[in-house]
Amino acid sequence: MYPIHQVEAQADSLEQLGTKRKFWYTVGEERFLFKAEERGTGEDWAEKVVCELARLLGLPHVEYELAYFQSDKLRGVICPNMTPPPLSLVMGNQLLGILDDQYPQQVRKKFGIPKYTVDAVATVLGMLKPPSPEYMENVPAGVKTALGVFSGYMMLDTLVANQDRHHENWAAVLAETIRLAPTFDHGSSLARNLQDAERIDRLSTTNPQRTVAHFVGRALSEFYPEEGDRPLPVLEVFRRFSAKVPVEAKAWLTRLNQLSVAQMDQILGQIPPDRMSIPTRAFTLELLRLNQIRLLEGYTP
Ligand SMILES: Nc1ncnc2c1ncn2[C@@H]1O[C@H](COP(=O)(O)OP(=O)(O)OP(=O)(O)O)[C@@H](O)[C@H]1O
Ligand SMILES: [Mg+2]
């Protein structure tokens, strides 16, 4: 089982960005963010599972640990600050606003933004360096650019059905250079808020409209096409980024091809059962298995 970290320290500031309750605390010299899971919607296990998948794939990622605050009153996850001073975080919307003064970077709205396109984000990424070396240790040899690394984030989003990669859920780290930040905030992935009754039904149904295969095909991103007014499916976003960096995207697919269903199940099996039920584990494994197949369609080693 993954260990559950007991947060002893008191909050020293609340995080303003994002929608859910969270606070920063300090241990020694290091600051950590506690992200609470208050509504029973599974964001804690989803965050941890995606973190572990990112590790196996070699993606630059923020490290999340399962956690409790004040004995077992508040469940959640913790992660270290990725921008200790003198580093600072520049969010995707701020970067998009630098290139396009019409980009709605100030509105508090994060969803339904037609200017949030693959081309706009790719242009921003073209100006960033890849994440700093400590995050790049397990990246495939051919992946060298920020855009190439980000194509891996899009592969991850497709694998885990992350529909929440809005313009404040990726960022750059500013120091003397400006680098793509490691991937973070995957708590909305893996259909973690479905009811178990629906999971069981979808796993066992013979109705083609209810199957898990049908369900995974419907995952939409926050990205808009240049030519339309409906958000793109997550797989299509990966394909569009891949077309810009085919060699790097293929290197990520090679990694994905090496990931076995047994490895994915082993990750799920390490979530304590009081945080993830048996039907949730079975459904989540099927979702991952089917998304891996969808991503690898047409892939040749
Ligand atoms: N490890 C970290 N280091 C530094 N800043 C962070 C870190 N994790 C999160 N943040 C900051 O806190 C904000 C909120 O965190 P996060 O996106 O994980 O939470 P959330 O409430 O789930 O967000 P959302 O509303 O996008 O679902 C981020 O947009 C980022 O600015
Ligand atoms: Mg967020």
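Residues numbered from 1 in each chain as written. Chains lettered and ligands numbered in written order. Predicted model: local features only at pLDDT ≥ 70, side-chain atom pairs only at ≥ 80, totals over all residues. Heavy atoms only, no water.

A.B. asks: Please explain the packing of helix α5 (residues 146-159) against helix α8 (residues 234-244) as it appears in this structure.
C.D. replies: Packed helices, taken two at a time, are described by the angle their axes make and the gap between the axes. Running from N to C, α5 and α8 point in directions that differ by 160 degrees, and their axes come no closer than 9 Å. In terms of axis orientation, α5 runs roughly antiparallel to α8. Helix-helix and strand crossings are classified by hand; for α5 and α8 the assignment is left-handed. Seen from α5, the contacting residues are Leu147, Phe150, Ser151, Met154, Met155, Asp157 and Thr158; seen from α8, they are Val234, Leu235, Val237, Phe238, Phe241 and Lys244. Its residues assigned to classes, the contact of α5 with α8 comprises nine nonpolar, two polar and two charged. (Axes fitted to C-alpha atoms, helices over the stretch in contact; angles between N-to-C directions. Helix = DSSP H or I, 4+ residues; strand = E, 2+ residues; numbered from the N terminus. Parallel < 35°, antiparallel > 145°, perpendicular 65-115°, else oblique. Left-handed = near helix turned anticlockwise from the far one by under 90°. Contact = heavy atoms within 4.5 Å. Nonpolar A, V, L, I, M, F, W, Y, C, P; charged D, E, K, R; others polar.)

A.B. asks: How do you make sense of the nonpolar core when you look at a structure like this?
C.D. replies: Side chains that are nonpolar tend, in soluble globular proteins, to be buried together. With 86 residues, the main nonpolar core has Leu53, Phe150, Phe223 and Phe241 as its most contacted residues. The greatest single-element share of this core, amounting to nine residues, is contributed by α5. By size, the runner-up hydrophobic cluster in this structure holds 10 residues, among which are Val7, Phe23, Tyr25 and Ile78. (Core = buried A, V, L, I, M, F, W, Y, C linked by side-chain atoms within 4.5 Å. Buried < 20%, exposed > 50% of the residue type's maximum accessible area, 1.4 Å probe, protein only.)

A.B. asks: Looking at this structure, I do not really get empty space enclosed by the protein. What am I missing?
C.D. replies: Counted under the stated rule, the structure contains two cavities of 30 Å³ or more. Of the pockets and cavities examined, the largest cavity occupies roughly 70 Å³. Lining the largest cavity are Lys20, Lys35, Ala36, Glu37, Glu43, Asp44, Glu47, Gly76, Val77, Asp185 and Gly187. Among the residues making up the lining of the largest cavity, the classes are represented as two nonpolar, two polar and seven charged. Counted as a void, the second largest cavity has a volume near 50 Å³. Among the elements that line the lining of the second largest cavity, the one with the most residues is α5, at three residues. Here the lining of the second largest cavity is composed, by residue class, of four nonpolar, three polar and two charged. (1 Å grid on protein atoms, 1.4 Å probe; cavity = no way out; pocket = protein on both sides within 12 Å on 5 of 7 lines; lining within 4 Å. Points joined across faces, edges and corners; volume = space filled by probe spheres on them.)

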